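Each chain, letter by letter, is given below.
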Amino acid sequence: MIILVINCGSSSIKYQLLDMKSDEVYDLLAKGLVEKIGLPEGGITHRPTGKDKVEKTLPIPDHKVGMKLVLDALVDPSHGVLKSFDDIEAVGHRIVQGADFFSGSALVNDDVLKKIEICCDFAPLHNPAHLLGIHAVSEVLPDVPQVVTFDTAFHQTMPDYAYMYALPYEYYTKYRVRRYGAHGTSHEYVSRKGAEFAGLDINNSKIITCHIGNGSSVTAVLNGKCIDTSMGFTPLEGMIMGTRCGNVDCNVIPYIMKKENLTPDQMTDIMNKKSGFLGLSGISSDARDLDAAANAGDPKAKLVLKKLSYDIIKLIGQYVAAMNGVDLIVFTAGIGENNSRMRRRVCENFSYLGLKLDYEANMVTGKTTMLSTPDSAVKVALIPTDEELVIARDTMHIVSTIEE
Ligand code: ADP
């Protein structure tokens with residue numbers, strides 16, 4: 001089944017075209033990125049498998065034009081990979097926030113669209129863009145079924161004492177204020193893959209997954225189900241991230257707002273886009289730049305990198321306690337897959353559990369690897385994440401059922 005996987009941001013469309021033969025067997029036909037939608041100089045980078053990449057710069061006024069550009073690239077006579085649009089059998093979309101409406105992927109219909117719309121309040125940067133993507137596909141490919149996969153769905157198994165904030169209960173009933181988590185598709189994928197790779201029975205396992213990228217979260221997976229995760233009502237809660245502050249004493253926020261005369265929107269922008277690595281270091285939101293600066297002796301870059309490892313250590317420690325042990329720790333995403341120094345710092349702190357890091361194996365980047373020694377009491381693995389594959393699989397399963 002040929003499936004187009006779409007990840008729509010407010011000004012971008014990331015896409016992958018996969019030919020799914022089964023859950024495990026598939027071909028990546030093409031992938032690419034449409035950027036700067038709505039800005040004077042937008043563009044598309046299209047990477048067809050086995051052919052040269054194509055880059056074009058042009059104004060892209062809205063998501064519908066962006067989606068048309070993606071489809072045109074896929075059927076282009078020279079750099080395309082399909083004969084016609086009709087070859088696309090289904091479209092799968094990544095959706096950041098599904099709140100407590102969705103504990104799994106769903107076929108798009110009016111009711112599903114209404115619920116995604118309600119969730120826009122909790123993910124104002126993401127969900128409206130996802131809806132634009134779904135509507136753009138409906139206009140350009142009206143007969144193709146669409147499926148939505150939620151970043152929050154995997155976390156729906158959290159118990160109430162993990163997902164409730166100790167605020168007055170009425171804010172939960174009136175406004176759905178609770179913890180939802182994020183990166184669920186990634187945590188689910190790497191926990192399953194990790195269990196398989198480490199020879200564990202997922203139904204009888206204690207796994208902690210560390211998705212450490214631009215956005216970062218750590219999740220406790222007990223017997224294959226999420227029991228806690230570090231992100232909350234929005235992807236701001238938890239640890240330090242590229243531009244997000246993570247946990248802060250809530251009283252700091254009104255204090256700064258009063259001192260600096262800031263509106264709620266301005267403060268939200270500072271916490272989400274101007275904090276984290278960027279805000280603390282004043283250098284960059286990218287861990288590679290901070291590594292370079294720390295190597296050159298910059299004290300703030302060193303502080304950020306120490307805080308990054310420290311936050312991960314504390315989260316892992318909490319989840320070891322919550323699960324009364326841990327069999328496997330998994331690292332994934334941009335920093336998790338590539339930053340061996342961070343992994344070393346984190347793992348060295350768990351010698352009390354009998355965790356033994358294989359220092360040579362830990363130098364690897366970006367590929368599935370066992371990072372602990374054979375006699376380590378806790379296994380540690382690097383598992384590259386693949387959220388698009390999960391979306392394509394779910395889309396295939398859901399679309400196959402409606403066709404039967
Ligand atoms: P996103 O959350 O946007 O998907 P990623 O998972 O790609 O982000 O993670 C981005 C982070 O990963 C950046 O801080 C970047 O420095 C780091 N990163 C990505 N690739 C590498 C690499 N090859 N080596 C070191 N760090 C990397």
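See above for the structure.
The written sequence of each chain sets the order in which its residues are numbered from 1. This being a predicted model, a pLDDT of at least 70 is required before a residue's local features are given, and a value of 80 or more before pairs of side-chain atoms are given or counted; all residues contribute to the totals for chains, interfaces and linings. Computation of side-chain values covers all heavy atoms of the structure but excludes hydrogens and water.

What follows is about the environment of asparagine 204. Numbering of helices and strands runs from the N terminus; a helix is a DSSP stretch of H or I covering at least four residues, while a strand is a stretch of E covering at least two. Looking at the element boundaries, asparagine 204 is found in the loop between α6 (184–198) and β9 (206–212). With 18 residues separating them in the primary sequence, asparagine 204 and leucine 222 have C-alpha atoms 7.6 Å apart. Between two residues, a contact is recorded if the distance between any of their heavy atoms is within 4.5 Å. Residues within four places of asparagine 204 in sequence aside, it is in contact with Asn223 and Asp327.

As a matter of local geometry, the ligand sits amid Gly213, Asn214, Gly215, Asp286, Ala287, Arg288, Ala333, Gly334, Ile335 and Asn338. Whenever a nitrogen or oxygen atom comes within 3.5 Å of another N or O atom, the pair is scored as a polar contact, on the condition that within protein one atom can donate a hydrogen and the other can accept it, and that pairs from neighbouring residues in sequence are kept only if both atoms are in side chains. Taking arginine 288, its main chain carries an N or O atom lying 3.1 Å from an oxygen atom of the ligand. One of the backbone N or O atoms of glycine 334 is found 2.9 Å from an oxygen atom in the ligand. Summarising the interface, the protein chains cover 65% of the accessible area of the ligand, which totals 570 Å² for the free molecule. Of all elements in the fold, only α10 (287–295) and α12 (333–338) reach the threshold of two or more residues within the shell around the ligand. Broken down by element, the shell around the ligand gets its largest block of residues, 4 residues, from α12. Throughout this document, a residue counts as near a molecule or strand when at least one of its heavy atoms sits within 4 Å of that molecule or strand. Only the protein chains shown count as cover for residues, with accessible areas throughout obtained via the Shrake-Rupley method and a probe of 1.4 Å.

Turning next to the pattern of salt bridges. Here a salt bridge means any side-chain nitrogen of Lys or Arg lying within 4 Å of a carboxyl oxygen belonging to Asp or Glu. Evaluated as defined, the whole model comprises 20 salt bridges. Between aspartate 72 and lysine 68 there is a salt bridge, with the nearest N and O atoms lying 3.3 Å from each other. Of the two residues, aspartate 72 and lysine 68 are both situated in helix α1 (residues 63–75); the distance of 4 residues between them amounts to about one turn of the helix. For every residue, the accessible area (1.4 Å probe, protein chains only) is compared with the maximum for its type, and the residue is labelled buried under 20%, exposed over 50%, or partly exposed between those bounds. Exposure remark for aspartate 72: the relative accessible area of 32% places this residue in the partly exposed category. The partner of glutamate 188 in a salt bridge is arginine 192, and the shortest N-O contact between them spans 3.6 Å. Of this pair, glutamate 188 and arginine 192 both sit in helix α6, 4 residues apart, which is roughly one turn of the helix. Salt bridges here are not isolated pairs; linked through shared partners, they connect Asp19, Lys21 and Asp27.

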